[in-house]
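Examining the three-dimensional arrangement
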Amino acid sequence: MNQCKKCKSELNGAFCSNCGQAAKLKRIDSQYIISEIGSILNFEKGILFTVKELLINPGQRIKEFITEDRNRLVKPIIFVIICSLVYTLVIQLFHIEDGYIKFEGEKQSTTTLMFSWVQGNYGYANILMGVFIAFWIKVFFKKYDYNFFEIIIILCFVMGIGMLIFSVFAIFEGLTESKIMQIAGITGIAYCTWAIGQFFGKEKKVNYLKAFLAYFLGMFSFNLLIVIVGTLIDLM
Ligand SMILES: [Zn+2]
């Protein structure tokens, strides 16, 4: 008797009637490779589609991801890690000094070590920072029925695009040797404010102010915590 490899129910025909799994998996060949790369770069789905949609209509698309369809956009945690990786690669390639978070490197204090970890590991650091911003979003938008994890998902998408914005500016700075990373910072924050505000309702102007404050306070409290923890460790 033939059994489905996935759900173990009885097989009749080329596909499982219970879970839809193909009875026989096709061998990996050139076609598979092409279709996998195609699915990543696809403008209908995949990374490029996700980037395009998040630039044009972030509020609506993220809301759809949370409440309706999770297959069109790339998975958000993977997305923010990939975007941060792109950023890290770009600044390493062009040897760009980072203007995103500035710190004075006097001595090798624990605080400066922690900040340099943040700079070297934006993927993870962004998720951590997202937790702080999510807390403030929860505070400012408490009458909306979104839980903490849903807000984290909004931030993964939004901060991912933020990293790509930084990457574009970094490439431009690398090619032209003009100091524009400050403008990148402003553009990144402007995008995040717009996208988060739009998510909670395009029409209400106060949403954008709340989004900005949540973003700002999130960054501030994240950095403050690093300074406090770093200082405490050094004191001990
Ligand atoms: Zn099955």
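Now for helix α8 (residues 181-199). With 19 residues, α8 should reach 27 Å at 1.5 Å per residue; the first-to-last C-alpha distance of 27 Å fits that figure. Listing the buried residues of α8 in full gives A184, G188, C192, T193, A195, I196, G197, Q198 and F199. Of the residues flanking the end of α8, it is G201, one or two places downstream, whose phi is positive at about 135°.

At K8, a position not held by glycine, the phi torsion is positive, near 70°. The residue K8 is located in the segment before α1 (30-41) in this model. By C-beta crowding, K8 is classed as exposed, having 11 other C-beta atoms within 10 Å.

Now for the domain arrangement of the protein. For the protein, the domain assignment lists domain 1 (1-41) and domain 2 (50-235). The distance between the C-alpha centroids of domain 1 and domain 2 comes to 38 Å.

Looking at the secondary structure, you find S17 in the segment before α1. With 10 residues separating them in the primary sequence, S17 and C7 have C-alpha atoms 10 Å apart.

Counting residues in each nonpolar core, the largest one holds 44 residues, and the members touching the most others are I133, I137, I154, F157, V158 and I196. Of all the elements in the fold, those that place two or more residues in this core are α3 (58-67), α4 (76-94), α6 (122-140), α7 (148-176), α8 and α9 (205-235). Considering each element in turn, this core owes the most residues, 15 residues, to α7. In this structure I133 touches L155, A214, Y215 and G218, once residues within four positions along its chain are discounted.

For any two helices packed against each other, the geometry is given by the interaxial angle and the distance between the axes. For the pair α1 and helix α2 (residues 46-56), interaxial distance at closest approach is 3 Å and the crossing angle is 5°. Judged by the angle between their axes, α1 and α2 are roughly parallel. Between α1 and α2, the residues in contact are S39, I40 and L41 and G46, I47 and L48, respectively. Looking at the contact of α1 with α2 residue by residue, the classes come out as four nonpolar, two polar and no charged.

Cut-offs used in this document
Residues numbered from 1 in each chain as written. Predicted model: local features only at pLDDT ≥ 70, side-chain atom pairs only at ≥ 80, totals over all residues. Helix = DSSP H or I, 4+ residues; strand = E, 2+ residues; numbered from the N terminus. Expected span 1.5 Å × (residues − 1). Buried ≥ 20, exposed ≤ 12 C-beta atoms within 10 Å, placed from the backbone. Domains from an automatic or database assignment. Core = buried A, V, L, I, M, F, W, Y, C linked by C-beta atoms within 7 Å. Contact = placed C-beta atoms within 7 Å. Axes fitted to C-alpha atoms, helices over the stretch in contact; angles between N-to-C directions. Parallel < 35°, antiparallel > 145°, perpendicular 65-115°, else oblique. Nonpolar A, V, L, I, M, F, W, Y, C, P; charged D, E, K, R; others polar.

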